[in-house]
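# Overview (structure and organization)
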Amino acid sequence: MPPPPPPRRDRLAIGIVAFIFGGLFLVFFGFLFLAYSVVKGESPSIATGPRIAIIEVKGAISTGPGAADADRILKQIRKVAQDDGLKAVVVRIDSPGGAVAPSQEIHDEVKKLAQKKTVVCSMGNLAASGGFYIAVACPKVVAEPGTLTGSIGVITQFPKVKGLLDRWDVKMETVKSGALKDAGNPFSEMTAEERAYWQSLIDQVYAQFVRAVAKGRGLEESAVRKFADGRVITGEQAKALKLVDALGNFYDAVELAKTEAKLSGEPHLVYPADERAAFLEQLMGSAAGAAADAVAARIQKGASAAQEPGVYFLAR
């Protein structure tokens, strides 16, 4: 014979316990969904409009931890490229430029992305030199009339401390394998041969910059060279020079991306995952992580990319 059913009071208790645990499970599941949405870079609300990715290039462009870390941005672009649900991308630039090779790496990856999806550049307050180098990889560029951009040029600087050493009778002995191995040595005067070497290097990289601008904006290199003397220009001037397609703000660029991609509905902006990771740190009470981020940001703000040896696309 089957066992007798439990008393009515026991069944009620079991139902209450199941209800409580079921509710806790739903709350826990909702929390996980919220956390996943934030880390993924999306709003936790259910969006009905088209998804448009936002790639941000903010601060000095370099590699490694910093404002506009090329390695991080390249990973973001690759992730967006692999997401078939993202039909349009807005590259938001607010940068004075930075190191040459990282700027070129981002430029090249943006060009590849533009072959798969609609890509529009939105210039913020500053999109100059290396920032502009990245912008010309976008088929469409939007800037405010007062945006500072351009600064097409290359720069490298070397500190000189030889006079200080001479004053205190301090000597620096150098053993090298070739005449140009220590070109730019701060402990000795730059020779004519060294200056010619560095100038040829700068000229070569400058030619690459001019070529990228001409190709990206559909201009002749001779036309680009007329204003590619390092000068900073406004967004309004850039539009007159055909370096910018339209004047407007970030959301105008979003609307242009939506139109170019033939999308309809209110756009749902998707930001990179690691840009939102701080939310979880705060949620879990990661005071140490927040303090470390604050210190890193202060150090980054106080440091200039040009303080390290190298060749730069940098607005000065």
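Notes on the structure follow. (Residues numbered from 1 in each chain as written. Predicted model: local features only at pLDDT ≥ 70, side-chain atom pairs only at ≥ 80, totals over all residues. Heavy atoms only, no water.)

Along its length, the protein carries 11 helices and 12 strands. Each of the 316 residues in the protein was classed as buried or not, and the buried ones make up 40%. Excluding contacts between residues fewer than 6 apart, the proportion of contacts in the protein whose partners are at least 24 apart in sequence is 74%. Of the roughly 18300 Å² of accessible surface on the protein, a fraction of 59% belongs to carbon and sulfur atoms. (Helix = DSSP H or I, 4+ residues; strand = E, 2+ residues; numbered from the N terminus. Buried < 20%, exposed > 50% of the residue type's maximum accessible area, 1.4 Å probe, protein only. Contact = heavy atoms within 4.5 Å. Areas by Shrake-Rupley, 256 points an atom, 1.4 Å probe, with all protein chains shown as cover.)

For the rest of this paragraph, the subject is the nonpolar core. Within the largest apolar cluster, 55 residues are counted, with the highest numbers of intra-cluster contacts made by I106, M123, F132 and V224. Looking at this core, the element that brings in the most residues is helix 6 (residues 192–217), giving 9 residues. Sequence-distant contacts of M123, that is, excluding residues within four places in its chain, are made with R92, I93, F132, A135, V141, V142, A143, E144, T147, T149 and V244. The next biggest cluster of nonpolar side chains, apart from the first, holds 13 residues, and it includes I52, V120, F250 and A257. (Core = buried A, V, L, I, M, F, W, Y, C linked by side-chain atoms within 4.5 Å.)

A separate point is the pairing of strand 1 (residues 51–58). Regular strands show a simple pattern: their side chains alternate between the two faces of the sheet. Counting buried positions along strand 1 yields 6 of 8 residues, so the element is predominantly enclosed. Judged from the 3 bridges that link them, strand 1 and strand 11 (residues 268–270) form a sheet pairing that is parallel. Bridge pairing in strand 11 links R51 to H268. Judged from the 7 bridges that link them, strand 1 and strand 4 (residues 88–95) form a sheet pairing that is parallel. Residue pairing for strand 4: I52 is matched across the bridge by A88. (Pairing = 2+ DSSP bridges.)

Residues lying three or four places apart along an α-helix face the same way, a consequence of the helix completing one turn every 3.6 residues. Taking 1.5 Å per residue, 26 residues should reach 38 Å; helix 6 reaches 37 Å between its end C-alpha atoms and fits that length. Taken as a whole, helix 6 has its buried residues at E194, W198, I202, V205, Y206, A207, F209, V210, A212, V213, A214 and R217. Packed against the buried residues of helix 6 are helix 3 (100–114), helix 4 (130–135), strand 7 (140–143), helix 7 (221–225) and strand 12 (312–314). Just past helix 6, the residue G218 takes up positive phi, approximately 65 degrees. (Expected span 1.5 Å × (residues − 1).)

With that settled, consider the environment of L263. Here L263 is to be found in the loop between helix 9 (250–260) and strand 11. In sequence terms L263 and P50 are 213 residues apart; their C-alpha atoms lie 6.4 Å from each other. With near-sequence residues (within four places) excluded, L263 lies in contact with P50, I52, K87, A88 and K258.

Turning to the pattern of salt bridges, a few remarks are in order. In the structure shown here, the tally under the stated rule is 9 salt bridges. As a salt-bridge pair, R217 and D245 come within 3.0 Å of each other at their nearest N and O atoms. Highlighted residues: R217 in helix 6 and D245 in the loop between helix 8 (235–240) and strand 10 (246–247), separated in sequence by 28 residues. You can call R217 buried: its relative accessible area is 11%. Residue classification places D245 among the partly exposed residues on the basis of a relative accessible area of 30%. One salt bridge in this structure joins E255 and K258, with 3.4 Å as the shortest N-O distance. On the criterion of helical spacing, the pair formed by E255 and K258 is a turn pair, its members being 3 residues apart in helix 9. Here E255 falls in the partly exposed class, since its relative accessible area comes to 34%. What you see here is one network of salt bridges that share partners, running through R78, E109 and K112. (Salt bridge = Lys/Arg side-chain N within 4 Å of Asp/Glu carboxyl O.)

With 15 residues, helix 3 should reach 21 Å at 1.5 Å per residue; the first-to-last C-alpha distance of 21 Å fits that figure. When we look at burial in helix 3, the residues that qualify are V100, P102, S103, Q104, I106, H107, E109, V110 and L113.

Turning to the pairing of strand 7, a few remarks are in order. As paired strands, strand 6 (residues 118–128) and strand 7 are joined by 3 bridges and run parallel to one another. Residue pairing across strands places S122 opposite V142, the latter belonging to strand 7. Note on the crossover from strand 6 through helix 4 to strand 7: the handedness is right-handed. Note: strand 7 against strand 10, 2 bridges, orientation parallel. Its bridge partner being in strand 10, V142 is matched across the sheet by A246. (Right-handed = clockwise from strand over helix to strand, strands pointing away.)

Backbone geometry places S129, a non-glycine residue, at a positive phi of 50 degrees. By the element assignment, S129 lies in the loop between strand 6 and helix 4. Phi is positive for K242, which is not a glycine, with a value near 70 degrees. Residue position: K242 is located in the loop between helix 8 and strand 10. Residue classification places K242 among the exposed positions, given a relative accessible area of 57%.

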